[in-house]
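Summary of structural features
Spelled out from the first residue to the last, the chains are:
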Amino acid sequence: LPSKAINDPIDVSLTWMLQNTSDQDSSFNCSFSIDREAKSCRAPRQNEEIFAAMAFFNKMTYWSRKIRETMEHVASLTYTRGSYHSVKPESHVDINSINDDGVFVPVLPLFETPVEQSKESNALTSSSDSITPTMLISLGEQRDNEEMSPLLPIEDINKFLSEQCRSLNSALKKLEDSFPPSSAQTLISAAEASLVLLSHHICSIAEHYCNGVGYIEEMLRSQLVSAIGKEIQSEDFTEFILFHNRKLFKNEFVPKPFCHAIRRPGHYPDGVLSIERTGNGDFGTKKNTDPVVTFMRKIEGSSSAPMFFPINAATSVEFTGERFLHAWICHEFGEERESRSGGFNLVARARQFSSFLLLIGTVSGPDSFDPQHAIILQNKDEVLIPLLLNQLPTPKEFKDAIQSLSPEQQRFAKAFRSMQLESSVFGVCAVQLKPQLELLLGLPQFSLTKEIKLTQDLLSLFIDYQISSDLLSFDGVDSMTSSEKVEVVKGHVAAVYEMIQELKEKDLRNAEREADMRVEKLGGGGFSYGGGSRGVRSEGGDRRGDRGRGGDRRGERREGGHRRGGGAESRGVRSEGGHRRGDRERGGGVRGGAMHKAYVAYDTAAPPPPARMAPPPSPSARMAIKPKSQAQCDLTKTD
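The next subject is the overall build of the protein. Of the regular secondary structure elements, the protein holds 13 helices and 24 strands. Across the 639 residues that make up the protein, the buried fraction comes to 31%. Counted over contacts in the protein with a minimum sequence separation of 6, partners at least 24 positions apart contribute 63%.

Our focus in this paragraph is the environment of lysine 434. Assignment of secondary structure puts lysine 434 in helix α10 (residues 433-441). Judged by its relative accessible area of 13%, lysine 434 is buried. Along the sequence, lysine 434 and glutamine 445 sit 11 residues apart, while their C-alpha atoms lie 9.3 Å from each other. The contacts of lysine 434, once residues within four sequence positions are left out, are Arg264, Phe353, Leu448, Thr449 and Thr455. Within the structure, lysine 434 has its side chain in polar contact with the backbone oxygen of threonine 449 (distance 3.3 Å).

Next up on the list: the packing of aromatic side chains. Considering all chains together, one arrives at 11 aromatic pairs under this definition. Here the aromatic cluster, defined as three or more aromatic residues joined through ring pairs, consists of Trp16, Phe32, Phe56, Phe57 and Tyr209. In this structure, arginine 417 is placed above the aromatic ring of phenylalanine 398, and the distance from its NZ or CZ to the ring centre is 4.8 Å.

Another point: the nonpolar core. Taken as a class, soluble globular proteins show a tendency for nonpolar side chains to be buried jointly. Counting 18 residues, the largest nonpolar core has Leu441, Leu458, Leu461, Leu472 and Val493 as the members making the most contacts within it. Those elements that provide at least two residues to this core are α10, α11 (452-463) and α12 (482-523). Apart from residues no more than four positions distant in its own chain, leucine 472 is found in contact with Leu441, Leu458, Leu461, Phe462, Ile467, Val489, His492, Val493 and Val496. Val74, Ala75, Leu168 and Phe179 belong to the second-largest nonpolar core, a separate cluster that totals 16 residues.

Its place among the elements puts serine 473 in the loop between α11 and α12. For serine 473, a relative accessible area of 17% translates into the label buried. Among residues more than four places away in sequence, those in contact with serine 473 are Leu440, Leu441 and His492.

What follows covers the sheet that holds strand β16 (residues 382-387). With antiparallel pairing, the four strands of this open sheet are ordered in space as β7-β8-β13-β16. Two strands lie at the open edges of the sheet, namely β7 (259-262) and β16, each paired on one side alone. Neighbour-to-neighbour, the strand axes of this sheet turn through a mean angle of 15°, independent of strand direction. As judged from the seven bridges shared by strand β8 (residues 271-277) and strand β13 (residues 344-350), these two strands associate in the antiparallel manner. Each residue of the ladder has a partner; that of glycine 271, found in β13, is alanine 350.

Attention now moves to a nonpolar patch on the surface. Where nonpolar side chains cluster on the molecular surface, the patch consists of Leu224, Ile228, Ile232 and Phe333 and spans about 350 Å² of accessible area. Examined against the element boundaries, leucine 224 turns out to sit in helix α5 (residues 190-228). Given the relative accessible area of 51%, leucine 224 is considered exposed.

Now for the confidence of the model for the protein. The predicted coordinates should not be examined in detail at positions where pLDDT is low. Looking at the protein, the pLDDT average stands at 77 and 70% of residues meet or exceed 70. Under a pLDDT of 50 for its full length, residues 281-286 has, in the predicted model, four contacts with residues more than four places off or in other chains. Across residues 617-639, where pLDDT falls below 50, the model places 66 contacts with residues more than four positions away in sequence or in other chains.

Here we come to the pattern of salt bridges. Within this structure, the stated rule accounts for 13 salt bridges. The partner of arginine 221 in a salt bridge is glutamate 218, and the shortest N-O contact between them spans 3.7 Å. Of this pair, arginine 221 and glutamate 218 both sit in helix α5, three residues apart, which is roughly one turn of the helix. In this structure, the salt-bridge partner of glutamate 438 is arginine 264, at a minimum N-O distance of 3.3 Å. Taken together, the residues span a long stretch of sequence, with glutamate 438 in helix α10 and arginine 264 in the loop between β7 and β8 at a distance of 174 residues. Judged by relative accessible area, which is 2%, glutamate 438 ranks as buried. What makes arginine 264 buried here is its relative accessible area of 9%. Through salt bridges that share partners, Glu218, Arg221 and Glu231 make up one connected network.

Further remarks concern α11. If you check α11, its first and last C-alpha atoms are 16 Å apart, about what 12 residues at 1.5 Å a residue would give, namely 16 Å. Turning to α11, its buried residues number three or more, namely Leu454, Thr455, Asp457, Leu458, Leu459, Ser460, Leu461 and Phe462. The inward-facing, buried residues of α11 contact β14 (355-365), β15 (368-378), α10 and α12.

Turning our eyes to something else, we now look at the sheet that holds strand β9 (residues 293-299). The antiparallel open sheet is built from three strands, whose spatial order is β6-β9-β12. The open sheet is flanked by β6 (256-257) and β12 (323-328), the only strands paired with a single partner.

What follows covers α12. Taking 1.5 Å of rise per residue, 42 residues should cover 62 Å, and α12 covers 61 Å from first to last C-alpha, within 8% of that figure. Of the residues making up α12, those classed as buried are Lys485, Val486, Val489, Val493, Val496, Ile500, Asp516 and Glu520.

This part takes up unusual backbone geometry. Of note in the backbone geometry, phenylalanine 353 takes a positive phi value of approximately 60° without being a glycine. For asparagine 379, which is not glycine, the phi torsion reads 55° and is therefore positive. By the element assignment, asparagine 379 lies in the loop between β15 and β16.

Let us now look at the packing of helix α4 (residues 154-178) against α5. Following both chains from N to C, one finds α4 and α5 inclined at 150°, their axes separated by 9 Å at the closest point. The crossing of α4 and α5 is right-handed. Counting all contacts with α4, which are made through Gln164, Leu168, Ala171, Leu172, Leu175 and Glu176, the residues of α5 involved are Ala190, Ala193, Ser194, Leu197, Leu198, His201 and Ile205. Considered class by class, the residues forming the contact of α4 with α5 number nine nonpolar, three polar and one charged.

Moving on to the side chain of serine 204. Among the structural elements, serine 204 can be located in helix α5. In this structure serine 204 comes out as buried when scored by relative accessible area, which is 14%. For serine 204, the contacting residues outside a window of four places in its chain are Asp100 and Val105.

So, on to the pairing of strand β11 (residues 316-319). Here four bridges tie strand β10 (residues 307-310) to β11, and the two strands are oriented antiparallel to one another. Considered in β11, the bridge of methionine 307 is made with phenylalanine 319. Connecting β10 to the antiparallel partner β11 that follows it, the hairpin turn spans five residues.

A separate point is the packing of α11 against α12. With their axes 11 Å apart at the nearest point, α11 and α12 run at an angle of 45° to one another. It follows from the interaxial angle that α11 and α12 lie oblique. Classified by chirality, the crossing of α12 by α11 is left-handed. Taken together, the residues of α12 that come into contact with α11 (itself represented by Leu454, Asp457, Leu458, Ser460 and Leu461) are Val486, Lys490, Val493, Val496, Tyr497 and Ile500. A class-by-class count of the residues in the contact of α11 with α12 yields eight nonpolar, one polar and two charged.

Cut-offs used in this document
- Residues numbered from 1 in each chain as written.
- Predicted model: local features only at pLDDT ≥ 70, side-chain atom pairs only at ≥ 80, totals over all residues.
- Heavy atoms only, no water.
- Helix = DSSP H or I, 4+ residues; strand = E, 2+ residues; numbered from the N terminus.
- Buried < 20%, exposed > 50% of the residue type's maximum accessible area, 1.4 Å probe, protein only.
- Contact = heavy atoms within 4.5 Å.
- Polar contact = N/O pair within 3.5 Å; in protein donor to acceptor, adjacent residues only side chain to side chain.
- Phe/Tyr/Trp six-rings, centres within 6.5 Å; stacked < 30°, edge-to-face > 60°.
- Lys NZ or Arg CZ within 6 Å of the ring centre and 35° of its normal.
- Core = buried A, V, L, I, M, F, W, Y, C linked by side-chain atoms within 4.5 Å.
- Pairing = 2+ DSSP bridges.
- Axes fitted to C-alpha atoms, helices over the stretch in contact; angles between N-to-C directions.
- Patch = residues over 30% accessible without salt bridge, like charges linked within 9 Å, V, L, I, M, F, W, Y side chains within 5 Å.
- Areas by Shrake-Rupley, 256 points an atom, 1.4 Å probe, with all protein chains shown as cover.
- Salt bridge = Lys/Arg side-chain N within 4 Å of Asp/Glu carboxyl O.
- pLDDT = per-residue confidence, 0-100.
- Expected span 1.5 Å × (residues − 1).
- Left-handed = near helix turned anticlockwise from the far one by under 90°.
- Nonpolar A, V, L, I, M, F, W, Y, C, P; charged D, E, K, R; others polar.
- Parallel < 35°, antiparallel > 145°, perpendicular 65-115°, else oblique.

Right, dumping it as structure tokens:
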């Protein structure tokens, strides 16, 4: 063992305990109490006094454990292979076996039914009689206002303290008999063993105190739940607030659900916009999805200045109409926000044959709206947009947070918070499309209300094809009636659609030509056995070579056909049956290739035939390479 060892000090502050101890009449009395009139006092466990007490006992528990661990480490140095070097083995007890099971803990959450007693009986059971000289701290005398309290009388608690002193002295005496005296030259003596016992007892007192406070809190909570009949959740508290709001506010100031119909005055709504709660309840059932309730102020469009929102760097759109300012109070308990499976959604629904433009962003100024996202809803579309709610610190929290910062940092934090407050107002703008189309095309108001097909065609031209409005707008005389103006616009729409159809057909023909050219490029050349017979599939589905009906493979002109083989070029023409054919045969023929198809489709002359090749080799040759001609490029295959 080392001759000397210096360990770090293990200390704890006793300020809280001394602050709650008073010295009256040369005796120490406990003076702890809870200020129930303070605003911070909400429950037996939710108040500043209990918070300070719990913090003190947690520190005492940590200090006691460090003391015990240090003593156990020192004791392990004296133990080697079952023998103790400091004292005789028969007179030594292992320090790890010390506990405070036999020591009484006076911290008990006990209550009793108050019973009125006479002053004579109170005098007989005075608390001063229960105080023993060995007690360090007592609770003093019984006060008059505590006679009918459900708490135990102070004299009973003093008796608990006396029993604690008696059992603790008995345990310490046993340790003195088991361990060497303090005067002995040993590492572990009765003094160290007593310190370990006291550390165990301090941990037990702290544990009993914390558990007792929690027990009282849970007892009152269970009584409140029994009185109400259910456990209150945030939804129940919201209903409670709404019930009292209906009693406190006038009808024009009562909070209303966030649900607005997107409509023109005197017409059926085009859609609905609302903010709803989402998530699943118990057993997989769906929670209440009613719209959230907000305080609302309505501003008529005629009495408000126009606002603007930009669509690009050079263009801003002016808009007017009714405006609604909402203030929403959301009730949540504890960590409910993090544990909640769902949140809140902005829900927009469009009716059948109706459409509107939805813009979502922030109100960046008194007359400016900054859209971040936009979507067109039409024909029973429904969109659910989750809302990510980030709370800003309250003014008091913000003031406390920047209190220790430098003046420059405080100015920056205040300027940034000002920007957050001014540009964090959530804004939603709904633009009806039919009135805008009527204004854009120069049509009278409400002229497109019943023109369903025309409205759908216009939206398709503007959205899908990006057609300019100048090609579709009314360009006749103003004296025409509303129906006549609509017919003019219909004619423009039909003309544009006809032009689009022609462009589609042209693109299709070009695509077919490109596909045929790719096939021609990939299908040129080939091999044939026995003189280069070509195998293609005819109308009846059978493979045919150059052999006609009852004919041979010859390089000569057949009846009613063209000369075949020998590298001759045969042009593809259309027969009576409507098929593209190469070498015409009697009653049918072999279908032409891709190049022949291209000649017929686009009326393009076929290239001149190449020079005639030499006759095929003798039958003794196993394989011959046929010449690559335009007519044979797609028909040449391996037999």
